[in-house]
Amino acid sequence: MHWLEVSLTVSGEAAEAVADVLARFAPEGVVHEATQFEVTPDDKGQTVGPVIVRAYLPADAALDATRARLEEALWHLGQILPLPSPHYRPIADADWSETWKANFKPVRVGRRLVVVPAWLNPPLGPDAMRVPIVLDPGLAFGTGTHPTTQLCLAAIERHLQPGTPLIDIGTGSGILAIAAAKLGAGPILAVDIDAEAVRVARENIAANGVADRIRVEQGSLAEVLSGQFGAPQPAGLVVANILARVIVTLIGQGLAQTVTPGGLLVVSGILEAQAFEVHAALQAQGMTLRAQEHLEDWVAIIGQREAA
Ligand code: SAH
(Lines give C-alpha, C1' and ligand atoms only; values in the text may rest on other atoms or scores of the structure.)
Protein backbone atom coordinates (compact mmCIF):
# COMPACT_ATOMS: atom_id res chain seq x y z
CA MET A 1 0.00 0.00 0.00
CA HIS A 2 1.23 3.46 -0.86
CA TRP A 3 0.29 6.54 1.11
CA LEU A 4 0.34 10.27 0.72
CA GLU A 5 1.62 11.94 3.85
CA VAL A 6 0.04 15.30 4.55
CA SER A 7 1.60 17.46 7.25
CA LEU A 8 1.11 20.92 8.69
CA THR A 9 3.34 22.65 11.22
CA VAL A 10 1.04 24.65 13.45
CA SER A 11 0.86 26.19 16.92
CA GLY A 12 0.04 23.93 19.86
CA GLU A 13 -3.38 25.57 20.11
CA ALA A 14 -4.25 24.88 16.46
CA ALA A 15 -2.96 21.30 16.53
CA GLU A 16 -6.14 19.70 17.90
CA ALA A 17 -8.40 21.41 15.36
CA VAL A 18 -6.09 20.47 12.47
CA ALA A 19 -5.82 16.89 13.74
CA ASP A 20 -9.64 16.67 13.88
CA VAL A 21 -9.90 17.72 10.24
CA LEU A 22 -7.14 15.36 9.05
CA ALA A 23 -8.60 12.47 11.04
CA ARG A 24 -11.75 12.61 8.91
CA PHE A 25 -9.70 11.60 5.85
CA ALA A 26 -7.00 9.43 7.40
CA PRO A 27 -8.17 5.91 8.28
CA GLU A 28 -4.98 5.14 10.20
CA GLY A 29 -5.17 8.12 12.51
CA VAL A 30 -3.07 11.21 12.99
CA VAL A 31 0.39 11.70 14.50
CA HIS A 32 1.44 14.74 16.52
CA GLU A 33 5.13 15.44 16.70
CA ALA A 34 6.38 18.07 19.10
CA THR A 35 9.17 20.13 17.56
CA GLN A 36 10.30 21.75 20.81
CA PHE A 37 10.80 20.03 24.11
CA GLU A 38 13.12 22.76 25.41
CA VAL A 39 10.08 24.57 26.64
CA THR A 40 10.31 28.25 27.41
CA PRO A 41 9.16 28.89 31.00
CA ASP A 42 5.44 28.45 31.27
CA ASP A 43 3.73 27.80 34.54
CA LYS A 44 2.28 24.46 33.59
CA GLY A 45 5.52 23.29 32.10
CA GLN A 46 3.95 21.52 29.16
CA THR A 47 5.51 21.16 25.74
CA VAL A 48 5.25 24.38 23.79
CA GLY A 49 6.23 25.51 20.31
CA PRO A 50 5.00 24.36 16.94
CA VAL A 51 3.61 20.88 16.48
CA ILE A 52 3.81 18.90 13.26
CA VAL A 53 0.50 17.16 12.60
CA ARG A 54 0.81 14.32 10.10
CA ALA A 55 -1.77 12.07 8.54
CA TYR A 56 -1.62 9.43 5.83
CA LEU A 57 -4.09 9.22 2.96
CA PRO A 58 -4.33 5.91 1.12
CA ALA A 59 -2.94 6.42 -2.41
CA ASP A 60 -5.88 4.68 -4.08
CA ALA A 61 -8.20 5.61 -6.94
CA ALA A 62 -10.04 8.07 -4.70
CA LEU A 63 -6.88 9.95 -3.67
CA ASP A 64 -7.44 13.04 -5.83
CA ALA A 65 -11.00 13.42 -4.57
CA THR A 66 -9.96 12.85 -0.96
CA ARG A 67 -7.21 15.40 -1.28
CA ALA A 68 -9.61 17.98 -2.74
CA ARG A 69 -12.08 17.43 0.12
CA LEU A 70 -9.28 17.64 2.68
CA GLU A 71 -8.05 20.94 1.21
CA GLU A 72 -11.57 22.31 1.29
CA ALA A 73 -11.96 21.33 4.95
CA LEU A 74 -8.61 22.93 5.78
CA TRP A 75 -9.63 26.06 3.89
CA HIS A 76 -12.74 26.33 6.08
CA LEU A 77 -10.68 25.89 9.23
CA GLY A 78 -8.22 28.46 7.86
CA GLN A 79 -10.99 31.07 7.96
CA ILE A 80 -11.00 30.77 11.77
CA LEU A 81 -7.35 29.93 12.46
CA PRO A 82 -4.42 31.07 10.34
CA LEU A 83 -2.96 27.89 8.79
CA PRO A 84 0.06 27.19 6.59
CA SER A 85 -0.43 25.24 3.35
CA PRO A 86 -0.26 21.50 3.85
CA HIS A 87 2.89 19.73 2.79
CA TYR A 88 2.60 16.48 0.84
CA ARG A 89 5.02 13.57 0.58
CA PRO A 90 4.41 10.19 -1.05
CA ILE A 91 5.29 7.22 1.16
CA ALA A 92 5.90 3.86 -0.44
CA ASP A 93 5.67 1.84 2.68
CA ALA A 94 3.45 -0.99 3.75
CA ASP A 95 3.09 0.43 7.23
CA TRP A 96 3.66 4.14 7.75
CA SER A 97 3.60 3.80 11.52
CA GLU A 98 6.89 1.93 11.29
CA THR A 99 8.38 4.73 9.19
CA TRP A 100 8.29 7.29 11.96
CA LYS A 101 8.95 4.83 14.74
CA ALA A 102 12.13 3.81 12.93
CA ASN A 103 13.66 7.15 13.91
CA PHE A 104 13.74 6.18 17.57
CA LYS A 105 16.74 4.17 18.67
CA PRO A 106 17.75 2.74 22.05
CA VAL A 107 19.40 5.44 24.18
CA ARG A 108 22.15 4.53 26.65
CA VAL A 109 22.00 6.55 29.82
CA GLY A 110 24.43 6.63 32.71
CA ARG A 111 26.51 3.53 33.34
CA ARG A 112 23.75 0.97 33.66
CA LEU A 113 20.56 2.05 31.87
CA VAL A 114 19.27 1.82 28.31
CA VAL A 115 15.95 3.26 27.16
CA VAL A 116 14.38 0.97 24.57
CA PRO A 117 11.43 2.03 22.40
CA ALA A 118 8.57 -0.39 23.12
CA TRP A 119 8.29 -1.48 19.49
CA LEU A 120 11.92 -2.65 19.23
CA ASN A 121 13.25 -6.03 20.29
CA PRO A 122 15.33 -6.18 23.49
CA PRO A 123 18.83 -4.85 22.81
CA LEU A 124 21.69 -7.16 21.87
CA GLY A 125 25.44 -6.78 22.32
CA PRO A 126 26.81 -4.60 25.13
CA ASP A 127 23.40 -2.95 25.63
CA ALA A 128 21.96 -6.30 26.69
CA MET A 129 24.00 -5.96 29.92
CA ARG A 130 22.23 -2.72 30.78
CA VAL A 131 18.99 -2.34 32.72
CA PRO A 132 16.29 -1.76 30.07
CA ILE A 133 13.52 0.83 30.42
CA VAL A 134 10.92 -0.05 27.80
CA LEU A 135 9.04 3.05 26.70
CA ASP A 136 6.26 4.15 24.40
CA PRO A 137 6.09 7.86 25.22
CA GLY A 138 2.97 8.57 23.17
CA LEU A 139 2.21 12.24 23.62
CA ALA A 140 3.87 12.40 27.04
CA PHE A 141 7.31 13.93 27.59
CA GLY A 142 10.20 11.66 28.50
CA THR A 143 11.79 9.61 25.73
CA GLY A 144 15.22 9.55 27.31
CA THR A 145 16.76 11.74 24.62
CA HIS A 146 16.36 15.06 26.43
CA PRO A 147 19.42 16.25 28.42
CA THR A 148 17.32 16.94 31.54
CA THR A 149 15.93 13.39 31.54
CA GLN A 150 19.45 12.02 31.12
CA LEU A 151 20.77 14.16 33.98
CA CYS A 152 17.99 12.92 36.26
CA LEU A 153 18.49 9.28 35.26
CA ALA A 154 22.22 9.58 35.95
CA ALA A 155 21.53 11.21 39.34
CA ILE A 156 19.08 8.44 40.28
CA GLU A 157 21.59 5.82 39.23
CA ARG A 158 24.31 7.45 41.32
CA HIS A 159 22.40 8.32 44.47
CA LEU A 160 19.67 5.73 44.85
CA GLN A 161 20.04 3.30 47.72
CA PRO A 162 18.07 0.10 47.07
CA GLY A 163 14.87 0.04 49.08
CA THR A 164 14.65 3.85 49.27
CA PRO A 165 11.17 5.29 48.80
CA LEU A 166 11.08 7.76 45.89
CA ILE A 167 8.72 10.50 44.72
CA ASP A 168 8.69 11.61 41.05
CA ILE A 169 6.90 14.90 40.48
CA GLY A 170 6.07 15.55 36.81
CA THR A 171 6.53 11.93 35.77
CA GLY A 172 5.57 12.39 32.08
CA SER A 173 6.12 9.02 30.38
CA GLY A 174 7.08 7.56 33.79
CA ILE A 175 10.70 7.15 32.69
CA LEU A 176 12.37 8.26 35.94
CA ALA A 177 10.05 6.24 38.18
CA ILE A 178 10.58 3.12 36.04
CA ALA A 179 14.36 3.53 36.12
CA ALA A 180 14.25 3.97 39.90
CA ALA A 181 12.09 0.86 40.32
CA LYS A 182 14.43 -1.20 38.15
CA LEU A 183 17.39 0.03 40.19
CA GLY A 184 15.71 -1.14 43.38
CA ALA A 185 13.80 1.86 44.76
CA GLY A 186 10.47 1.37 46.34
CA PRO A 187 7.78 2.17 47.06
CA ILE A 188 7.51 4.95 44.47
CA LEU A 189 4.89 7.65 44.08
CA ALA A 190 4.74 9.35 40.66
CA VAL A 191 2.46 12.29 39.93
CA ASP A 192 1.70 14.51 36.97
CA ILE A 193 -0.86 17.26 36.46
CA ASP A 194 -1.55 15.99 32.94
CA ALA A 195 -4.15 13.21 32.62
CA GLU A 196 -2.58 11.93 29.37
CA ALA A 197 0.83 11.63 31.05
CA VAL A 198 -0.76 9.65 33.90
CA ARG A 199 -2.36 7.27 31.40
CA VAL A 200 0.88 6.83 29.40
CA ALA A 201 2.98 6.42 32.57
CA ARG A 202 0.68 3.67 33.85
CA GLU A 203 0.98 1.79 30.55
CA ASN A 204 4.76 2.08 30.52
CA ILE A 205 5.02 1.02 34.15
CA ALA A 206 2.92 -2.07 33.46
CA ALA A 207 4.99 -2.87 30.34
CA ASN A 208 8.12 -2.81 32.51
CA GLY A 209 6.61 -5.12 35.12
CA VAL A 210 7.06 -2.66 38.00
CA ALA A 211 3.41 -1.74 38.65
CA ASP A 212 3.56 -3.33 42.08
CA ARG A 213 6.10 -0.75 43.25
CA ILE A 214 4.90 2.47 41.55
CA ARG A 215 1.71 4.33 42.27
CA VAL A 216 0.81 6.94 39.63
CA GLU A 217 -1.70 9.68 40.36
CA GLN A 218 -2.87 12.87 38.72
CA GLY A 219 -1.79 15.82 40.79
CA SER A 220 1.18 17.77 42.04
CA LEU A 221 3.00 18.70 45.22
CA ALA A 222 -0.09 19.88 47.09
CA GLU A 223 -1.75 16.46 46.78
CA VAL A 224 1.47 14.67 47.73
CA LEU A 225 1.85 16.83 50.85
CA SER A 226 -1.79 16.34 51.79
CA GLY A 227 -1.06 12.62 52.06
CA GLN A 228 -4.02 11.76 49.84
CA PHE A 229 -1.83 9.47 47.76
CA GLY A 230 -0.62 7.72 50.90
CA ALA A 231 2.89 6.44 51.57
CA PRO A 232 5.73 6.98 50.76
CA GLN A 233 5.88 10.43 52.22
CA PRO A 234 8.44 11.78 52.86
CA ALA A 235 10.94 9.90 50.65
CA GLY A 236 14.71 9.47 50.73
CA LEU A 237 14.96 10.58 47.09
CA VAL A 238 12.64 13.06 45.36
CA VAL A 239 12.98 13.98 41.67
CA ALA A 240 11.24 16.76 39.78
CA ASN A 241 12.20 17.39 36.15
CA ILE A 242 9.90 20.21 35.10
CA LEU A 243 11.06 23.79 34.48
CA ALA A 244 12.97 26.31 36.60
CA ARG A 245 9.95 28.50 37.23
CA VAL A 246 7.77 25.59 38.26
CA ILE A 247 10.55 24.14 40.43
CA VAL A 248 11.06 27.45 42.25
CA THR A 249 7.29 27.66 42.88
CA LEU A 250 7.20 24.09 44.16
CA ILE A 251 10.15 24.74 46.47
CA GLY A 252 8.26 27.72 47.88
CA GLN A 253 5.25 25.46 48.41
CA GLY A 254 7.22 23.00 50.54
CA LEU A 255 8.93 20.61 48.13
CA ALA A 256 11.68 20.06 50.73
CA GLN A 257 9.10 18.58 53.12
CA THR A 258 8.67 15.60 50.78
CA VAL A 259 12.31 14.64 51.46
CA THR A 260 13.27 12.71 54.61
CA PRO A 261 15.88 14.41 56.85
CA GLY A 262 19.26 13.67 55.27
CA GLY A 263 17.55 12.69 51.98
CA LEU A 264 18.16 14.11 48.51
CA LEU A 265 16.15 16.24 46.10
CA VAL A 266 17.05 16.16 42.37
CA VAL A 267 15.56 18.99 40.32
CA SER A 268 16.07 19.64 36.61
CA GLY A 269 14.45 21.27 33.61
CA ILE A 270 16.73 24.16 34.53
CA LEU A 271 18.85 26.18 32.11
CA GLU A 272 22.32 27.13 33.33
CA ALA A 273 21.34 30.77 33.57
CA GLN A 274 18.43 29.89 35.87
CA ALA A 275 20.44 27.76 38.31
CA PHE A 276 21.15 30.53 40.82
CA GLU A 277 17.42 31.17 41.37
CA VAL A 278 16.93 27.51 42.20
CA HIS A 279 19.96 27.53 44.55
CA ALA A 280 18.53 30.52 46.39
CA ALA A 281 15.11 28.89 46.70
CA LEU A 282 16.63 25.66 48.05
CA GLN A 283 18.83 27.47 50.55
CA ALA A 284 15.87 29.54 51.76
CA GLN A 285 14.25 26.22 52.72
CA GLY A 286 17.32 25.12 54.66
CA MET A 287 18.58 22.69 52.02
CA THR A 288 22.28 22.21 51.30
CA LEU A 289 23.52 22.23 47.73
CA ARG A 290 25.21 18.90 47.15
CA ALA A 291 25.95 18.90 43.41
CA GLN A 292 25.15 20.44 40.07
CA GLU A 293 25.45 18.37 36.91
CA HIS A 294 25.59 19.90 33.41
CA LEU A 295 24.60 18.59 29.98
CA GLU A 296 24.47 20.95 27.02
CA ASP A 297 22.71 24.10 28.31
CA TRP A 298 20.87 22.26 31.05
CA VAL A 299 21.59 21.52 34.70
CA ALA A 300 20.31 19.18 37.38
CA ILE A 301 20.70 20.40 40.94
CA ILE A 302 20.97 18.04 43.87
CA GLY A 303 20.02 19.37 47.28
CA GLN A 304 20.13 17.62 50.62
CA ARG A 305 17.72 18.10 53.49
CA GLU A 306 19.44 18.58 56.84
CA ALA A 307 19.61 15.48 58.97
CA ALA A 308 17.19 15.56 61.89
N1 SAH B 1 9.93 13.08 34.30
C2 SAH B 1 9.96 13.02 32.83
C3 SAH B 1 9.07 14.05 32.20
C4 SAH B 1 9.45 15.49 32.44
S5 SAH B 1 8.42 16.63 31.55
C6 SAH B 1 11.40 13.15 32.37
O7 SAH B 1 12.27 13.39 33.20
O8 SAH B 1 11.67 13.03 31.17
C9 SAH B 1 7.60 17.48 32.84
C10 SAH B 1 6.29 16.87 33.25
O11 SAH B 1 5.83 17.62 34.37
C12 SAH B 1 5.18 16.96 32.21
O13 SAH B 1 4.63 15.68 32.00
C14 SAH B 1 4.16 17.93 32.81
O15 SAH B 1 2.81 17.55 32.55
C16 SAH B 1 4.44 17.82 34.29
N17 SAH B 1 4.17 19.01 35.10
C18 SAH B 1 4.27 20.31 34.74
N19 SAH B 1 4.00 21.11 35.77
C20 SAH B 1 3.74 20.32 36.84
C21 SAH B 1 3.39 20.56 38.19
N22 SAH B 1 3.26 21.80 38.66
N23 SAH B 1 3.20 19.49 38.99
C24 SAH B 1 3.31 18.22 38.53
N25 SAH B 1 3.63 17.94 37.25
C26 SAH B 1 3.84 18.96 36.41
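Up top is the structure these notes are about.
Computed from a predicted structure; not experimentally measured. (Residues numbered from 1 in each chain as written. Predicted model: local features only at pLDDT ≥ 70, side-chain atom pairs only at ≥ 80, totals over all residues. Heavy atoms only, no water.)

### What about the packing of aromatic side chains?
Part 1 of the argument: Applying the stated criterion across every chain yields a total of zero aromatic pairs.
Part 2 of the argument: Over the ring of Tyr-88 we find Arg-67, and its NZ or CZ is 3.7 Å from the ring centre. (Phe/Tyr/Trp six-rings, centres within 6.5 Å; stacked < 30°, edge-to-face > 60°. Lys NZ or Arg CZ within 6 Å of the ring centre and 35° of its normal.)

### A look at the nonpolar core
Part 1 of the argument: With 34 residues, the main nonpolar core has Val-115, Ile-133, Leu-153, Leu-166, Ile-188 and Ile-214 as its most contacted residues.
Part 2 of the argument: Per-element accounting of this core gives the leading share, seven residues, to helix α5 (residues 175–182).
Part 3 of the argument: One finds Ile-247, Ala-256, Val-259 and Ile-301 within the second-largest nonpolar core, a separate group that totals 30 residues. (Core = buried A, V, L, I, M, F, W, Y, C linked by side-chain atoms within 4.5 Å. Buried < 20%, exposed > 50% of the residue type's maximum accessible area, 1.4 Å probe, protein only. Helix = DSSP H or I, 4+ residues; strand = E, 2+ residues; numbered from the N terminus.)

### Comments concerning the sheet that holds strand β7 (residues 131–135)
Part 1 of the argument: Sheet architecture is open: three strands sit in the order β5-β6-β7, paired in mixed fashion. If you trace the sheet from one side to the other, it starts and ends with β5 (107–109) and β7, each paired once. Sheet twist, expressed as the average angle between the axes of neighbouring strands with direction ignored, equals 25°.
Part 2 of the argument: Taken together, the three bridges between β5 and strand β6 (residues 113–117) define a ladder with antiparallel strand orientation. Bridge pairing in β6 places Arg-108 opposite Val-114.
Part 3 of the argument: The strands touched by helix α4 (residues 147–159) are β5, β6 and β7; relative to β5, the strand with the most contacts, the crossing angle is about 45°. (Pairing = 2+ DSSP bridges. Axes fitted to C-alpha atoms, helices over the stretch in contact; angles between N-to-C directions. Contact = heavy atoms within 4.5 Å.)

### A short note on the pairing of strand β12 (residues 259–271)
It is a general feature of regular strands that their side chains alternate between the two faces of the sheet.
Part 1 of the argument: Judged from the six bridges that link them, strand β11 (residues 235–241) and β12 form a sheet pairing that is parallel. Bridging across to β12, Ala-235 finds its partner in Val-259.
Part 2 of the argument: Taken together, the six bridges between β12 and strand β14 (residues 298–305) define a ladder with antiparallel strand orientation. Paired with Val-267 across the bridge in β14 is Ile-301.

### Let's talk about the packing of helix α8 (residues 244–252) against helix α9 (residues 275–284)
Part 1 of the argument: At a minimum axis separation of 9 Å, α8 and α9 run at an interaxial angle of 10°. Judged on the interaxial angle alone, α9 and α8 are roughly parallel. Across the interface between the two elements, Ala-244, Ile-247, Val-248 and Ile-251 from α8 touch Glu-277, Val-278, Ala-281 and Leu-282 from α9.
Part 2 of the argument: Tallied by class, the residues present in the contact of α8 with α9 amount to seven nonpolar, no polar and one charged. (Parallel < 35°, antiparallel > 145°, perpendicular 65-115°, else oblique. Nonpolar A, V, L, I, M, F, W, Y, C, P; charged D, E, K, R; others polar.)

### Notes on the pattern of salt bridges
Part 1 of the argument: Here the structure, examined in full by the defined rule, presents seven salt bridges.
Part 2 of the argument: Of the charged contacts in the structure, one is a salt bridge between Glu-293 and Arg-158, with a shortest N-O distance of 2.9 Å. With a gap of 135 residues between them, Glu-293 in strand β13 (residues 287–295) and Arg-158 in helix α4 connect regions that are remote in the sequence.
Part 3 of the argument: With a relative accessible area of 48%, Arg-158 lands in the partly exposed category.
Part 4 of the argument: Note that Glu-217 is salt-bridged to Arg-202, the shortest N-O span being 3.8 Å. A residue pair is termed long-range when its members are at least 10 positions apart, and Glu-217 in strand β10 (residues 214–218) and Arg-202 in helix α6 (residues 195–207) qualify at 15 residues. (Salt bridge = Lys/Arg side-chain N within 4 Å of Asp/Glu carboxyl O.)

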